[in-house]
Amino acid sequence: MEPVAIKPGIYWVGGIDWDLRNFHGYLTQRGTTYNAYLIIDEKVALVDTVKHDLFDEMLSRVKSLIDPAQIEYLVSNHVEMDHSGSLPKMVSRAPHATVVTSPQGEKGLRRHYKQDWKLSAVKSGDTLSLGKRTLQFFLTPMVHWPDSMVTYVPEEKLLLPNDAFGQHIATSERFDDEACWDILLEEAAKYYANIVLPYGEQVKKALDALSTLDIAMVAPSHGLIWRTYFPKILEAYQRWAAHETENRALIVYDTMWGSTERMAYSLLEGLEKAGVPVAIRNLKTMHISDIMTDVIRSKAILIGSPTLNNGVLPTVGGFLIYLKGLRPKNRIGFAFGSYGWGGQAVKEIETIMNSLGWNLPCEGVNIQYIPDEGELQEVKEIGKKLGAMIKNE
Ligand code: FEO
């Protein structure tokens, strides 16, 4: 329950959610943290809070440093309840505090908590002096909610960007260089793919605005604090925001009696023959939030479903709806599947791919009942053709 000094007079006082395994539908196999930061200066500020059920954990860390009644500013960078959930209790412990938030944050907090708090709405560039240190605010709308903003402490070259650059990892370590880079990158990628992906344009604008700042440490609201590897994760964010991918393919499918699965593996063979790395994901065994981590890396996405009741299988439908909402761009797409009669699944998949603006260079393949060896060979040839395109684009 100890706080952790991240800079002289600035402390991590958040909560660690070791048991969390589902964050509104996103599987969090490594748990998460909700990071709150206490800045002790002539005036005291608490930047963000924690999910409501970890309030006591955060409070004990705060109380080990100061009397909470000394807090003059409660900064709410983001209204979502994993960060604002403890605000009502924190306001009651810091009755003289002003809640500092964005204009959209003010509206959002009033809608969430229906409280007559002392609220101050800030604009981009506004500053607040704590004494030796200054808080400067930058609005980052839709990264990833309309209310989102970041807080910068210029004297410490410290950025507190809330959800941006976060990762769902519960650890007793607090800094990036204390953790395994591969796990950090994987969790940061999964976080981007499942939370931030639809807002690439807004991310680019936010990164442009923040590029003028001198930043040595980035302390997000989930996971580890970037003090060593920020340039690497910033470079990854720039790539993801631009929808840049690697020359690799992803096959996502479900199957009823094995025909669509056989087609999926024929495509895999063809792609491998063309020398393209491939991941194959069966929706019966992989969660859609894990598959999204493959989606942000992969230039080509091949989706297969048999036709059931004139449409795709429900597992494929769920994945397509999720994919459509997260809006990955600049992909090569291909649809395939088996059918008994009707055969609408392939068209349904193509409709979603077209709505995302993907390039569909090969017509979708629909095979009745059970594919024969000749048909599987044709499917393999399509895999080879797509592989060649992936390498040459
Ligand atoms: Fe971590 Fe958008 O909340």
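Look above for the structure.
Residue positions are given per chain, counting from 1 as you read along its sequence in written order. Note on the predicted model: pLDDT of at least 70 is required for a residue's local features to be given, and 80 or more for side-chain atom pairs to be given and counted; whole-chain, interface and lining totals, by contrast, use all residues. The side-chain values count all of the structure's non-hydrogen atoms but skip hydrogen atoms and water molecules.

J.: Quick question: what am I supposed to make of the overall build of the protein here?
T.: Numbered from the N terminus, helices here are DSSP runs of H or I no shorter than four residues, and strands are runs of E no shorter than two. Looking only at helices and strands, the protein features 12 helices and 21 strands. Overall size of the protein, expressed as C-alpha extent along the three principal axes, is 80 × 40 × 35 Å. Within the span of the protein, comprising 393 residues, buried residues form 59% of the whole. Contact criterion: two residues are considered in contact whenever any of their non-hydrogen atoms come within 4.5 Å of each other. Intrachain contacts of the protein at a sequence separation of at least 6 include 72% that bridge at least 24 residues. Method for areas: the Shrake-Rupley scheme with a 1.4 Å probe, in which residue coverage is limited to the protein chains shown. In the structure as shown, the protein presents an accessible area of about 16100 Å², 51% of it carried by carbon and sulfur atoms. Positive charges are assigned to Lys and Arg, negative charges to Asp and Glu, while His and the chain termini are left out of the count. Charge positions come from single atoms, namely NZ of Lys, CZ of Arg, CG of Asp or CD of Glu. Positive and negative charge centroids in the protein, built from 41 and 48 side chains respectively, lie 2 Å apart. Each residue is assigned to one of three classes by its accessible area relative to the maximum for its type, calculated with a 1.4 Å probe on protein chains only: buried under 20%, partly exposed between the two thresholds, exposed over 50%.

J.: Is there a simple way to think about empty space enclosed by the protein in this case?
T.: A water-sized probe rolled over the atoms picks out the places where empty space is left. A 1.4 Å probe that fits into a set of points on a 1 Å grid over the protein atoms alone but cannot get out defines a cavity; an open set with protein on both sides within 12 Å along at least five of seven lines defines a pocket, and lining residues are those with an atom within 4 Å of a point. Grid points are joined across faces, edges and corners, and a volume is the space filled by probe spheres set on the points. Using the criterion set out here, one finds two cavities of 30 Å³ or more in the structure. The volume enclosed by the largest cavity comes to roughly 110 Å³. Lining the largest cavity are 15 residues, and of these T140, V143, V150, A164 and A206 sit closest to its centre. At the level of elements, β14 (149-153), β15 (158-162) and α6 (200-210) are the ones that each hand at least two residues to the lining of the largest cavity. Per-element accounting of the lining of the largest cavity gives the leading share, four residues, to α6. Amino acids outside the nonpolar list (Ala, Val, Leu, Ile, Met, Phe, Trp, Tyr, Cys, Pro) and the charged list (Asp, Glu, Lys, Arg) are all regarded as polar, and Gly is one of them. For the lining of the largest cavity, the class distribution of residues is 11 nonpolar, three polar and one charged. Considered as a void within the structure, the second largest cavity measures approximately 30 Å³ in volume. Lining the second largest cavity we find F23, E80, D82, H144, D163, Y191, I195 and H222. Its residues assigned to classes, the lining of the second largest cavity comprises three nonpolar, two polar and three charged.

J.: Can you walk me through the environment of A164 in this structure?
T.: Topologically, A164 is positioned in the loop between β15 and α5 (181-196). In this structure A164 comes out as buried when scored by relative accessible area, which is 9%. Leaving out residues up to four positions away in the same chain, A164 has contacts with V143, P220 and Y237.

J.: I'm lost on the side chain of T151 in this one. Help?
T.: Residue placement: T151 occurs in strand β14. Reaching out from T151, the side chain makes a polar contact with the side chain of N77 at a distance of 2.8 Å. We call two N or O atoms a polar contact when they sit within 3.5 Å, provided that within protein one can donate a hydrogen and the other can accept it, with sequence-adjacent residues counted only if both atoms are side-chain atoms.

J.: How should I be thinking about the pattern of salt bridges in this particular structure?
T.: Side chains that carry opposite charge are capable of pairing whenever their charged atoms lie near each other. Note on definitions: salt bridges are taken to be side-chain nitrogens of Lys or Arg within 4 Å of carboxyl oxygens of Asp or Glu. Scanning the entire structure with this criterion turns up 21 salt bridges. With its nearest N and O atoms 2.7 Å apart, the salt bridge here joins D290 to K190. Placement of the pair is D290 in helix α9 (residues 288-297) and K190 in helix α5, with a sequence separation of 100 residues. Given a relative accessible area of 4%, K190 falls into the buried group. For K347, the salt bridge goes to E350, with nearest N and O atoms at 3.1 Å. Of this pair, K347 and E350 both sit in helix α11 (residues 345-355), three residues apart, which is roughly one turn of the helix.

J.: Looking at this structure, I do not really get unusual backbone geometry. What am I missing?
T.: One can expect most non-glycine residues to show negative phi and most peptide bonds to be in trans. Following V143, the chain continues to H144 via a peptide bond in cis, the omega torsion being 10 degrees. Turning to its location among the elements, H144 is positioned in the loop between β13 (134-139) and β14. The phi angle at N309 is positive, at roughly 50 degrees, despite the residue not being glycine. Residue N309 is classed as exposed on the basis of its relative accessible area of 71%. Notably, Y369 is not glycine yet its phi reads approximately 55 degrees, a positive angle. Position of Y369 relative to the elements: it lies in the loop between β21 (365-368) and α12 (373-392).

J.: Even after reading the chapter, I still don't get the nonpolar core, so can you show me in this structure?
T.: As a rule of thumb, soluble globular proteins bury nonpolar side chains together. Here, nonpolar core means buried Ala, Val, Leu, Ile, Met, Phe, Trp, Tyr and Cys residues that are tied together by side-chain atoms lying within 4.5 Å of each other. Ranked by size, the top nonpolar core spans 86 residues in total, and within it I71 and Y237 carry the most contacts. Here the element with the most residues in this core is α5; it accounts for nine residues. Contacts of I71, omitting those with residues within four sequence positions, involve L38, V44, L46, V62, I66, M90, A94 and A97. If you look at the next biggest cluster of nonpolar residues, it comprises 25 residues, including I16, Y37, V100 and F137.

J.: What is the right way to read the environment of S221 from this model?
T.: Its place among the elements puts S221 in the loop between β16 (217-220) and α7 (230-241). With 188 residues separating them in the primary sequence, S221 and T33 have C-alpha atoms 7.5 Å apart. There is a polar contact of 3.4 Å between the side chain of S221 and the side chain of H83. Within polar-contact distance, the side chain of S221 engages the backbone nitrogen of D163 at 3.2 Å.

J.: What is the right way to look at the packing of aromatic side chains in this model?
T.: The description of an aromatic ring pair rests on the distance of the ring centres and on the angle between the ring planes. Here the aromatic set is Phe, Tyr and Trp, taking the six-membered ring for Trp, and pairing holds for ring centres within 6.5 Å; pairs whose planes are under 30 degrees apart are stacked, those over 60 apart are edge-to-face, and all others are tilted. Taken as a whole, this structure holds nine aromatic pairs when the rule is applied. When the ring of Y192 is compared with that of Y237, the centres are 5.0 Å apart and the planes differ by 85 degrees; the resulting orientation is edge-to-face. Placement of the pair is Y192 in helix α5 and Y237 in helix α7, with a sequence separation of 45 residues. The exposure class assigned to Y192 is buried, which follows from its relative accessible area of 0%. In this structure Y237 comes out as buried when scored by relative accessible area, which is 2%.

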